[in-house]
Amino acid sequence: MSESIEAVFKKTAVKYEDVIDGLKEKFGSDIIKLDVHERFGGSDENAVQSRDLWVSVNLSAFRPFVEYLFKYDFVNFHVISGDDTGENLELNYHFSLFQRARGGRIGVTARVSVPKSDLSMPSIFDLLPGSEYSEREIREMLGVDFVGLPNKALIFLPEDWDEEIKPWRRDETGPSIDLVRELE
Amino acid sequence: MSTTYKVPIGPVHVGLKEPVTAWLTLDGERIMDAKLRLGAIHRGIEFMARERNPIQVIYLSERICGICSFSHVLAFIRAIEDLSAIKVPPRGQYIRSLVLELERIHSHILWSGVACYSIGFDSAFHLGMEMRERVMDLLELLTGNRVNYGVATFGGVRWDITPEFAKATRDMIKFYRREFTPFRDIVMEDPIAQARMRGVGVLTKEEAVRYSAVGPVARASGLRVDLRKSSPYEAYSDMPVEPVVPQDYFGAAHGDVLDRFAVRVLEVYQSLDLLEKILDGLPDGPFVAETNLNKVLASLKKAEGVGWGIIEAPRGDDTHIVSLKGGEDNVLWWKVRAPTYASAVSWPLMFRGNELADAPLIINSLDPCVSCMERTLTTNAHGDSNIITKQELIKRCREKTDTLRARGGETR
């Protein structure tokens, strides 16, 4: 899919208000929550230098959401972060748009909640191959299966790691106390 | 009929400075395919942070890396500042930028030396190591440490800049403008270095975009990306920063090892210019928003949410995401994405079609993070070496810093 999208970063940036309007119009009620974080800097400490959008989307709308971002600019992928919130796993995909204009960058975090009863996510590897290591990391640390990811081998954990143990989980699949060694 | 062989480079290899394994598929000398296996040095730092409060994590984050330690601290601190809306007084911002640029200079000079070593140019390696001492001394003069400076905190910094330090910095700028030229000559003029590095380990512009490459690796492939421009923070908000790209100097970007070398060498000059601007524009006033750490901790205990800190480290964009929960002392979770993590995805592409002998050079061209291990062994006039205990080491470190400070910035 991404092969058909020209791999260039656009020179000019779109205003963040227009991106918000575009996203809301396209996804409507699939956007559960949308926050704007402002980044300050410079000798006027209240001057806003750039902004980040934090968008909680429904799981079913996640993949179309990422595809839609490509309409603005080729998406730059940073990382996936995540946490075990009890019934669900919360995943945050961190992207950037508009890398080139001064102060133009808009950080976009797509937040999805994945139920523990069905821990599978559509992979975005075909859109953004740079996400490979992050998807493999989330798979081994939190136990999410990425559908469409070609290489699902361990990446950071040792080769002889017991794959039943998911280091970032806070439930029974997380590391037990005897696996944690306190150093002096 | 051709036979292919699988050869591992690493996890421990003379050409590598850090444990990483590259499994190369070879047809004769030619590399057909490469697969990377990371994790040999994974320490579970993100997991450790869950039992520490944000102020303790500042010092934990500093120990992620021995070279870009300040970048990691600042990315973490900015993530916390993002979620808790702490603002930094201008003077504090300028001092942060100043340390960032000093760190970039020391990282790039170190790398330039190591790159020369990788191509067998040992005299330039020693020159780089010697030259780097000047900026290391300056960092020690400001912070008391060569690495892990302990200088940043929430809402500002912990040390102010004295007029002596400002003078020593200006002297250093003059010194490097005069003395760093050999490295500029290597990338711009030396035909042997160019023959050795041109066309090796290529990452095209298109691949750099698709694979989300960062920092000097992305810029060497011709991408005009630099967070100091696209998302200005700290002092960079007040001054223009233009990404250093090879097409401005060579006419075209090749995305090879030579271009990565050139970008880093030229960025040293860019950092010297930025340092001058930072010193010229250094605002008066407080350098930290709140000095009482108990008050800071109390306000962070009330904060809740997720914050994202992102800065341009020497190796590219360094991303930290951190979450706090209201009423909890400790960090809920923390995700660190060091620049090498991002660039490593495109590593296998750089190997394709190259020769086996170039593999260590290609691995090093990414500038994978390396820790520095100095002051563990000394040699006397007769060449005998003796091991020094930790206490003795700390005593000697403090003596050296005191001497440096007593000389009022006369570093050499």
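All figures in this text were calculated on a predicted structure; none of them were measured in a lab.

**A short note on the packing of helix α3 (residues 69-84) of chain B against helix α4 (residues 90-118) of chain B**
Residue and element names in this part refer to chain B. With their axes 9 Å apart at the nearest point, α3 and α4 run at an angle of 145° to one another. As α3 packs across α4, the resulting crossing turns out to be left-handed. Only Arg 96, Val 99, Leu 100 and Glu 103 of α4 make contact with α3, whose side of the interface consists of Ser 69, Phe 70, Ser 71, Leu 74, Ile 77, Arg 78 and Glu 81. Considering only residue class, the contact of α3 with α4 consists of 5 nonpolar, 2 polar and 4 charged.

**A word on the interface of chain A and chain B**
Facing the 64 residues of chain A at the interface are 53 residues of chain B. Where chain A abuts chain B, roughly 4900 Å² becomes buried across the two surfaces, and 54% of that area is made up of carbon and sulfur atoms. Taken together, the connections running from chain A to chain B amount to 2 salt bridges. Across the contact surface, chain A and chain B share 29 residue pairs in polar contact (both at pLDDT 80 or more). Here the element with the most residues in the side of chain A that touches chain B is strand β3 (residues 76-84) of chain A; it accounts for 8 residues. Broken down by class, the residue content of the side of chain A that touches chain B amounts to 27 nonpolar, 22 polar and 15 charged.

**Some details on the sheet that holds strand β3 (residues 30-37) of chain B**
All names here are of chain B. In spatial order, the strands read β1-β2-β3; together these 3 strands make up an open sheet with antiparallel pairing. A single partner strand is all that each edge strand has here, and the edge strands are β1 (5-9) and β3. Neighbour-to-neighbour, the strand axes of the sheet open up by a mean angle of 25°, direction not taken into account.

**Let's talk about the domain arrangement of chain B**
Residue and element names in this part refer to chain B. As assigned here, chain B comprises domain 1 (44-372) and domain 2 (375-406). Each of domain 1 and domain 2 was reduced to a C-alpha centroid, and the two centroids are 28 Å apart. Here domain 1 packs against domain 2, burying approximately 560 Å² in sum over the two surfaces, 45% of which is carbon and sulfur. Put simply, domain 1 and domain 2 have 2 salt bridges between them. Across the pair Glu 140 and Lys 400 runs a salt bridge, and its minimum N-O distance is 3.1 Å. Classifying every residue of the side of domain 1 that touches domain 2 by side-chain character gives 3 nonpolar, 2 polar and 3 charged.

Basis of the calculations
Residues numbered from 1 in each chain as written. Chains lettered and ligands numbered in written order. Predicted model: local features only at pLDDT ≥ 70, side-chain atom pairs only at ≥ 80, totals over all residues. Heavy atoms only, no water. Axes fitted to C-alpha atoms, helices over the stretch in contact; angles between N-to-C directions. Helix = DSSP H or I, 4+ residues; strand = E, 2+ residues; numbered from the N terminus. Left-handed = near helix turned anticlockwise from the far one by under 90°. Contact = heavy atoms within 4.5 Å. Nonpolar A, V, L, I, M, F, W, Y, C, P; charged D, E, K, R; others polar. Buried area = accessible area lost by both parts, 1.4 Å probe. Salt bridge = Lys/Arg side-chain N within 4 Å of Asp/Glu carboxyl O. Polar contact = N/O pair within 3.5 Å; in protein donor to acceptor, adjacent residues only side chain to side chain. Pairing = 2+ DSSP bridges. Domains from an automatic or database assignment.

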